[in-house]
Amino acid sequence: MSGTFLGMPAAPPRGSGNLRGAESFPAAARTELANTQMRRNVGKATRTIRDKRVQVTGELPDWEQLRSAGAAIKRDVLSRLPELLEQFEQAVIARGGQVHWARDAAEANAIVTRLVKDTGADEALKVKSMATQEIGLNEHLATEGITAIETDLAELIVQLGEDRPSHILVPAIHRNRSEIREIFLRSMPGVDPDLDDDPTHLADAARRFLRERFVRARVAISGANFGVAETGTLSVVESEGNGRMCLTMPQTLITVMGLEKLIPTYADLEVFLQLLPRSSTGERMNPYTSMWTGVAPHDGPSEFHLVLLDNGRTATLADEVGREALHCIRCSACLNVCPVYERTGGHAYGSTYPGPIGAVLTPQLAGMDTGGSDPNSSLPYASSLCGACFDACPVKIDIPSLLVELRHQHVEEAHFSAEQLMMKAASAAMSTSGRWTAAQRAAQLGRLLGRGGRIRTLPPPGNAWTSARDLPVPPKQTFRQWWDSSEGRAAIDDAHREGGRR
Amino acid sequence: MRVALFATCLGDTLFPDAVKATALLLSRLGQEVVFPPEQTCCGQMHVNTGYQREALPLVDNHAACFADESIDAVIVPSGSCAGSIRHQHHIVAERFGTPALRDQVERSRAKTYELAEFLVDVLGVVDVGATFPHRVTYHPTCHSLRMLRVGDKPLQLLRAVREIDLVELPEADQCCGFGGTFALKNADTSTAMLSDKLRNVAGTEAEFCTAGDSSCLMHIGGGLSRLQTGIGTLHLAEILASTEHAISPKQGALA
């Protein structure tokens, strides 16, 4: 094909930024599993939140209908995203905002950096935002001489600890209060050297530190939980009120929003403002819900910029089965119920998006096949498919089915492997009963490996099993051999007779 | 009814006692049990590991065995295999199969039941006339619970068993960490999940841990055996097939 051919549509770009870890999930998980303090912290926190969630969702008689409504609205948004995005853009502009489109992390970072520099500030406040975490905005701003200050308490802990978030909603879930005290003493300028680990005292220290910065800030950067196409309204939902300070005090407000955060009408907020807090923190309502529409004279920021971020979302939308992952409202209910997340923590996933939804969303946004050893290709397998995530999801994303679909996509594109060979061999052996009974006879040779009815060691890859579990030796007789035997027939006849007597 | 037994590959080869118990129980309840000999495996391992193309011949073979109109219902003593047949076969058939296969799959999945579901929903029996004088705890396997929504039907059946001492398993609805090839691909995480399950099982001081799926029991049983807890695993069907004349478990797989 010549370079001048213009008829072929370009493939939508994959996302970049913090959407890929350095090592595969099993390798990263091994390290995290050894961190017993982290396991205790995460286990305790997720158990608490999930008990609260079950309680507050259970008290709504129409919870299931709300979930269905949430799923239906999201499906509608994704089916007409281009037209809704245009409507949204026009509404924001009509109310005095400015709209910028970013294809990937680099474009978004460049836009935000330019906007901050235009204000003359070298410091920017941040409201907790997954999108800016996803594109690595803070790190990029630092290289341009701009200091980003996280105002969400948990984000601040992560930032001061030079750490990475490990949970969508509770980014410092892997830390306990004595660890937080140490981080504050080490990295918070002007902190009281006698600070103890009482949560109230820790919050006070953060409040004093942040208040100074709220007062002097000229620019703030926020994420968005929802963008309303009809009115151009944006919304941030939070617990501490620090977000509200960011959204109202500085002169310039820059919001970075993923394309999929759109909802069609203002009235649709009714559904999501019920679903989100109950699913995420197990609260009936979150303490602070902020909404803003463009700019208003003498009220809040005088300049408002909206950066609409693609970063792999269009590519995800193009996947007919997988696009359902874009329904996600980032509530983290799936993390809190996931037995894999509970034990490995968020860092094992290597991405801004951990847990079950991260295991589908990350490979969808950023792809999973750069050269066959992409860590993202291990994420769809980081699940036992237990289905707890699907049950908990407030917008009914069928995460287990999406994981199975991504596994299929990965295998279809995978390079030659020993696993492939074994799966093909197993498929051939099980495709007819003749071959299958021959394979069963071969399997019975496994009896030779056993002692006292159990097998304690197997050669690779079976040693992954026998490292912690025994395996029963295959019995001398298969079920079908018993069924065909005179003993089997007699037993069935007896059972019939016995049933007849009852 | 004329009911066909799907033994599952694991049941046929490694856990025949669970399948025998299913056959005997259904016969005792007056059903005409048949065993289509061409059956092999439902292909769940292939589908769940991403090998849908390789699952096609298995789905094809399975549907050909069970779509037959002379069969009223297909009974599976495994929640995960029943789940795969009901919720995954049509994906493979739609993607790679012929219209004829799609039709066969549709007919087979519509009459496929996990054992407890069939007993309670179709036959309307809760007391199957079993006697089992042992202390037992029940693990409700993820796919039975969430893919098939069997709810507390297995517990209803167990509660009606005579002389049984049924003890509740703490954190019962937590996955045991098996997940098919997950146990091999993510062995460390799987083991971490298993150890919590084992602690909960051991804490009940039960003699047996039971479930409706031999694969989960293979995992839990393998762990109980390695730790030499003395606690056995037993398929739900083996308890339900036990009567005062024939208390079935000789060993409970690994003890």
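Computed from a prediction, not measured in an experiment: that's the story for all the values here.

**A short note on the sheet that holds strand β6 (residues 165-167) of chain B**
Residues and elements named next belong to chain B. Taking strand neighbours across the sheet as the criterion, the four strands line up as β6-β5-β7-β8 in an open arrangement whose pairing is parallel. Strands with a single pairing partner mark the edges of an open sheet, and in this sheet they are β6 and β8 (232-235). Taking the axes of each pair of neighbouring strands and ignoring which way they run, one obtains an average angle of 35° across the sheet. Pairing analysis gives four bridges linking strand β7 (residues 208-211) to β8, with the strands arranged parallel. Its bridge partner lying in β8, A211 is registered against H235.

**Points about the side chain of B:R86**
Looking at the secondary structure, you find B:R86 in helix α5 (residues 79-87). For B:R86, the contacting residues outside a window of four places in its chain are B:R109, B:T112, B:Y113, B:E117 and B:L148.

**Considering the interface of chain A and chain B**
If you look at the interface, chain A gives 72 residues, while chain B gives 79 residues. Summing both partners gives a buried area of about 6400 Å² for chain A against chain B, and 57% of it is carried by carbon and sulfur. Ranking the residues of chain A by area buried against chain B places A:M423, A:R469 and A:F479 at the top, with a combined share of 11%. Summed over the shared surface of chain A and chain B, the result is 10 salt bridges. In this structure, the connection of chain A to chain B is made through 36 residue pairs in polar contact (both at pLDDT 80 or more). Of the residues contributing to the side of chain A that touches chain B, the split by class is 34 nonpolar, 19 polar and 19 charged.

**Quick word on helix α18 (residues 399-413) of chain A**
All names here are of chain A. For α18, which comprises 15 residues, the first-to-last C-alpha distance of 21 Å matches the rise-based estimate of 21 Å (1.5 Å per residue) to within 8%. Of all 15 residues in α18, 11 are buried, a share of seventy percent or more. Along α18, the residues classified as buried are I399, P400, L402, L403, V404, E405, L406, R407, H408, H410 and V411.

**Quick look at the sheet that holds strand β2 (residues 32-34) of chain B**
All names here are of chain B. Read across the open sheet, the four strands follow the order β2-β1-β3-β4; overall the sheet is parallel. Either end of the sheet is taken by a strand with one partner, and the two such strands are β2 and β4 (112-114). The mean angle between the axes of side-by-side strands here comes to 35°, regardless of whether they run parallel or antiparallel. Sheet analysis places strand β1 (residues 2-5) next to β2, joined by three bridges and oriented parallel.

**Describing helix α2 (residues 16-28) of chain B**
All names here are of chain B. The end-to-end C-alpha distance of α2, which contains 13 residues, comes to 18 Å, matching closely the 18 Å that a straight helix rising 1.5 Å per residue would cover. In terms of burial, α2 is a largely internal element, 11 of the 13 residues being buried. Regarding α2, the residues found buried are P16, A18, V19, K20, A21, T22, A23, L25, L26, S27 and R28. G30 sits one or two residues past α2 and shows a positive phi near 90°.

**What about unusual backbone geometry?**
A:P461 follows A:P460 through a cis peptide bond whose omega is 0°. Within the element layout of this structure, A:P461 appears in the loop between β11 (454-455) and α21 (463-466). Even without glycine at this site, A:L385 takes up a positive phi of about 60°. Along the chain, A:L385 turns up in the loop between α16 (355-366) and α17 (388-392). Exposure remark for A:L385: the relative accessible area of 9% places this residue in the buried category. Backbone geometry places B:E171, a non-glycine residue, at a positive phi of 50°. With respect to the element layout, B:E171 can be found in the loop between β6 and α11 (182-185). On the accessibility criterion, B:E171 (36% relative accessible area) is partly exposed.

**Looking at the packing of helix α4 (residues 52-66) of chain B against helix α6 (residues 89-96) of chain B**
Describing two packed helices takes the angle between their axes plus the distance from one axis to the other. All names here are of chain B. Axis separation between α4 and α6 bottoms out at 9 Å; the angle between their running directions is 110°. Looking at the two axes, α4 sits roughly perpendicular to α6. Along its contact with α4, which presents Q52, R53, A55, L56, V59 and H62, the element α6 presents H89, I91, V92, R95 and F96. Classifying every residue of the contact of α4 with α6 gives six nonpolar, three polar and two charged.

**Some points on the pattern of salt bridges**
Within the structure shown, the criterion is met by 40 salt bridges over all chains. Measuring nitrogen to oxygen at the nearest pair gives 2.5 Å for the salt bridge that ties A:E59 to A:R284. With A:E59 in the loop between α2 (36-58) and α3 (63-79) and A:R284 in the loop between α12 (269-280) and β9 (288-293), this pair connects stretches of sequence that are 225 residues apart. Residue classification places A:E59 among the partly exposed residues on the basis of a relative accessible area of 36%. The exposure class of A:R284 is exposed, given its relative accessible area of 53%. We note a salt bridge from A:E419 to B:K185, for which the minimum N-O separation is 2.6 Å. With A:E419 in helix α19 (residues 418-429) and B:K185 in helix α11, this residue pair bridges two chains. Under the relative-accessibility criterion, B:K185 is labelled partly exposed at 27%. One connected set of salt bridges, linked through shared partners, spans A:E134, A:E260, A:R313 and A:R330.

**Describing the environment of B:S27**
The topology assignment puts B:S27 in helix α2. On the basis of relative accessible area, B:S27 is assigned to the buried category, the value being 0%. Residues B:S27 and B:V3, spaced 24 residues apart in sequence, show a C-alpha to C-alpha distance of 9.7 Å. The residues contacting B:S27, other than those within four sequence positions of it, are A:I492, A:A495, A:H496 and B:V33.

Calculation rules
- Residues numbered from 1 in each chain as written.
- Chains lettered and ligands numbered in written order.
- Predicted model: local features only at pLDDT ≥ 70, side-chain atom pairs only at ≥ 80, totals over all residues.
- Heavy atoms only, no water.
- Pairing = 2+ DSSP bridges.
- Helix = DSSP H or I, 4+ residues; strand = E, 2+ residues; numbered from the N terminus.
- Axes fitted to C-alpha atoms, helices over the stretch in contact; angles between N-to-C directions.
- Contact = heavy atoms within 4.5 Å.
- Buried area = accessible area lost by both parts, 1.4 Å probe.
- Salt bridge = Lys/Arg side-chain N within 4 Å of Asp/Glu carboxyl O.
- Polar contact = N/O pair within 3.5 Å; in protein donor to acceptor, adjacent residues only side chain to side chain.
- Nonpolar A, V, L, I, M, F, W, Y, C, P; charged D, E, K, R; others polar.
- Expected span 1.5 Å × (residues − 1).
- Buried < 20%, exposed > 50% of the residue type's maximum accessible area, 1.4 Å probe, protein only.
- Parallel < 35°, antiparallel > 145°, perpendicular 65-115°, else oblique.

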